[in-house]
Amino acid sequence: CLDLSRSAWLFYFKYIGILLVGLQLCFIYKVFNTGTIYCLALFCTAYFRQCTYFITSILETLSLMVIDCSKGVLSNTLILLCVVFLSTFTLLFIPIYNFIGQSDSKYFMNAHDIPSSDSFQHHLCVLVPYRDRTQQLHVFVQYMSMYLTLQDIQFSIFIINQTDSYRFNRGALLNIGFLYSDSSCDYFALHDIDLLPNNPNVPYKYPDVNSPLHLSASRYHPKYYWFKKYFGGVVLITRQQYRAINGFSNRYWGWGLEDDNLRMRVFRAGLRIFAPVLNSTYKDTFLHISDNSKGNNRDKKNWLSKERRKIDLKGGINDSILQEKPHVLQFPIMKWKCIIINAKLKCDRKLTPWCL
């Protein structure tokens, strides 16, 4: 069966539109010249910039090959009629594509009209799961401190540092950050350390909506723009919402899956996922910073393991995941400061043997 969700419709109309433009280019090439076809191809690629350049180029190339093989078969009058028909048909797809792209769906809504409360009535806790990324830590704290200050937001940055020898557990670290952060924080930014907002309009203010706000939705993420169900990177969520979904599962050791599981928990709790509408795309909304330190490659060991990929909707913030009480200290970086939570995790090797 066809999945006629919002993402599916966007996909279908996007590529139908490109196919139609490719056919037009074929007919125009027949009537005019090679220079014209490449100028129009450049315009077509720019218009459909959210699509893969490779696919666009392949369509145009195949169209040229077909036309070269069929010269003299069609009359110029018939070709021009086809151009007019295809042009009209394509123009019909453009408003349909825009309408679907801006409309709401059951689980994904735009947030351009969502009101924000007075920033000084709220306190944002930025929770950052961390291990051995010193370069990124210094850049992140200074950059985000200046960025949030410019948005007049009262904030605290918590770096949850995993100090044990087990594989990295992003979900468990964020749960610990939620439990041991400042009690005055009424909403949280679940934030990757290698992702920085590049658009000054990315809204970190308290959202007056009864659902999480995904700031780095796929349309804005520099690496995962192709994955429509992506729910990692940067997520704003209130304290009440985090408790309602029972936080993250603690069973996902190593890279990936914890954000997919969180997305399922959001829907299971009857919440939606909002995303802001910004005047930017995945190319310029966020900066992805890299750390050249050794050992920072993604840990994908056993990523495809059937046992590791099991869905967990029961475990969460109330699970005992710590070997000992975390050590909390303030850590100054230039004129800014953050709070380090040194967390030593424990692992039940019978339940999750992939933690090693």
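Residues numbered from 1 in each chain as written. Predicted model: local features only at pLDDT ≥ 70, side-chain atom pairs only at ≥ 80, totals over all residues. Heavy atoms only, no water.

Enquirer: Could you give me a rundown of the overall build of the chain, with the residues and numbers involved?
Expert: Of regular secondary structure, the chain possesses eight helices and 11 strands. Within the chain, the proportion of its 356 residues that are buried is 50%. The long-range fraction of contacts in the chain, counting pairs at least 24 apart against all pairs at least 6 apart in sequence, stands at 80%. As presented, the chain carries roughly 18600 Å² of accessible surface, and 59% of it is formed by carbon and sulfur atoms. (Helix = DSSP H or I, 4+ residues; strand = E, 2+ residues; numbered from the N terminus. Buried < 20%, exposed > 50% of the residue type's maximum accessible area, 1.4 Å probe, protein only. Contact = heavy atoms within 4.5 Å. Areas by Shrake-Rupley, 256 points an atom, 1.4 Å probe, with all protein chains shown as cover.)

Enquirer: Any details on helix H8 (residues 258-268)? Residues and values, ideally.
Expert: Among all positions in H8, only Glu258, Asp259, Asn261, Leu262, Arg265, Val266 and Phe267 are buried. Here the buried face of H8 lies against helix H6 (170-180), strand E4 (187-191) and strand E8 (273-275). The positive-phi residue at the C-terminal boundary of H8 is glycine 270, with phi of around 80°.

Enquirer: Quick rundown of the pairing of strand E3 (residues 155-162)? Include the residues and the values.
Expert: Counting buried residues in E3 gives eight out of eight residues, a clear majority hidden from the surface. Of the two faces of E3, the one holding Phe155, Ile157, Ile159 and Asn161 and the one holding Ser156, Phe158, Ile160 and Gln162 are both buried throughout. Both strand E2 (residues 124-130) and E3 contribute to a ladder of seven bridges, which runs parallel. Each residue of the ladder has a partner; that of cysteine 125, found in E3, is serine 156. After leaving E2, the chain enters helix H5 (residues 134-150) and then returns to the sheet as E3, a path that is right-handed. (Pairing = 2+ DSSP bridges. Right-handed = clockwise from strand over helix to strand, strands pointing away.)

Enquirer: Go over the state of the cysteines with me, naming the residues and quoting the values.
Expert: This model, assessed by the stated rule, comprises two disulfides. Residue cysteine 125 pairs covalently with cysteine 185 via a disulfide, S to S 1.9 Å. On the sign convention where negative is left-handed, the bridge of cysteine 125 and cysteine 185, at about 60° about the S-S bond, is right-handed. Of the two residues, cysteine 125 is situated in strand E2 and cysteine 185 in the loop between H6 and E4; the sequence distance between them amounts to 60 residues. Pair check on accessibility: cysteine 125 and cysteine 185 agree, each one buried. Each sulfur in the disulfide pair cysteine 347 and cysteine 355 lies 2.0 Å from the other. Looking down the S-S bond of the cysteine 347 and cysteine 355 bridge, the torsion is -90°, so its handedness is left-handed. Judged by its relative accessible area of 0%, cysteine 355 falls in the buried class. Cysteine pairing in the chain follows 1-2, 3-4, where each cysteine in a disulfide is numbered by its order in the sequence. (Disulfide = S-S within 2.5 Å.)

Enquirer: How would you explain the pairing of strand E11 (residues 336-343) if you had to name every residue and give the values?
Expert: Within E11, six of the eight residues are buried, leaving the element largely enclosed by the surrounding structure. The pairing of E3 with E11 spans five bridges and is classified as parallel. Bridge pairing links phenylalanine 158 to isoleucine 339 in E11. One ladder, built from seven bridges, connects strand E10 (residues 327-333) with E11; its direction is antiparallel. The residue bridging glutamine 330 from the neighbouring strand is isoleucine 339, located in E11. With antiparallel pairing between neighbouring strands as the criterion, E10 and E11 make up a hairpin whose turn holds two residues, including methionine 334 at a positive phi of roughly 55°.

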